[in-house]
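Architecture and fold: a report
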Amino acid sequence: MAALRQLAHSPTESPYARYHKNDDGLDDIEHEMGEDFGFGFDPEDGDPNVAPRSPVAPTEVPLERTCTSITFSFPQQLQLLTALTLQILPAELASSGPDPFPSGSPKKGVLVQSIGDPQRATTCVVPELKPGTGYYARLIATNPRGTATGLTSALITTLEYSPQRGDFSGFLFLVQQEGEKRTLRRLSFTRKPKRDYVWVVLDGQLLTWSTEVDGKEIGRLLMKQIKCIVSEDGLTEVTRFVLQDTSGGSVCFEAESHDPKISTPDLCKSWLQRLRTAHATHLGDFGKASNTALLM
């Protein structure tokens, strides 16, 4: 208090007149009482007498997403914290309001991940998630003065469980349209077709599709049954293709990538390349030329 009395200003003096910065960047009060004004904290760590600010919404590190884990990213909190936790909510449990998280304390099904070094951490890996499942996330910041709930992230979906089977495998949409001849052109200009998510395997000269990875087989085609493979090759965003068989029927598949490492057009092109190679192998060089000529 003696220091404060010595620094007291006169009635005609501006209350801030003597609080000028010195060469070391500190003002007069800080020289007398210290940078923390006598409260005993490190300014770089933050003030323990101030409640935490609400953290920003976490985002993901896209190239590190897997079928069972998501790596979340966020800036350093730059405030005094005693704890920082990440809450993860499966999309199926999201509320219908503007915030997907249920109001009040965490409900059943909400996962909680503690983050080490809460003031300086910038990433958090959440393991043991379900494949092909959407999740929301938010940060919770805590210090001696209270708790602050952060903003909610966008929906992030883990990758589908896709074990390698045969020569090439993965999930595609089987496009079906009742009462219409299933050609690429008709699918482009008719009502929105029905799509079934199926597990597709190309094994040598056999293409099969099932309800899921180890599910019931619902369709198959041998390369010798395929007359031609039709795709939207004239477009830059190729997303689907039709397999026309020798009996006059056709099967349409549509690609939709959930993997941040590969775009939907690239996924579709990879399937086209594998199928055309397998078909050309069956037809031989003459058939390969004929097959190419039939493509749209």
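For the structure, see preceding data.
Residues numbered from 1 in each chain as written. Predicted model: local features only at pLDDT ≥ 70, side-chain atom pairs only at ≥ 80, totals over all residues. Heavy atoms only, no water.

In this section: the pairing of strand β2 (residues 70–73). Within a regular strand, side chains alternate between the sheet's two faces. As paired strands, strand β1 (residues 59–60) and β2 are joined by 2 bridges and run antiparallel to one another. Bridge pairing links Glu60 to Phe72 in β2. One ladder, built from 4 bridges, connects β2 with strand β5 (residues 123–126); its direction is antiparallel. Note that in β5 the partner of Ile70 across the bridge is Val126. (Pairing = 2+ DSSP bridges. Helix = DSSP H or I, 4+ residues; strand = E, 2+ residues; numbered from the N terminus.)

Spatial strand order, β1-β2-β5: 3 strands in an open sheet with antiparallel pairing. What marks the edges here is a single partner per strand, and that holds for β1 and β5.

So, on to the nonpolar core. The biggest cluster of nonpolar side chains holds 24 residues, and the ones touching the most others in it are Leu207, Trp209, Phe241, Leu243, Phe253, Trp271 and Leu275. For this core, the secondary-structure elements that each account for two or more residues are β9 (168–176), β10 (194–203), β11 (206–210), β13 (226–231), β14 (240–245), β15 (250–254) and α4 (264–294). Per-element tally for this core: the top contributor is α4, with 6 residues. Those residues in contact with Leu275 that sit more than four places away from it in its chain are Leu202, Leu207, Met223, Ile229, Phe241 and Leu243. The next biggest cluster of nonpolar side chains, apart from the first, holds 17 residues, and it includes Leu81, Ile115, Ala121 and Ile156. (Core = buried A, V, L, I, M, F, W, Y, C linked by side-chain atoms within 4.5 Å. Buried < 20%, exposed > 50% of the residue type's maximum accessible area, 1.4 Å probe, protein only. Contact = heavy atoms within 4.5 Å.)

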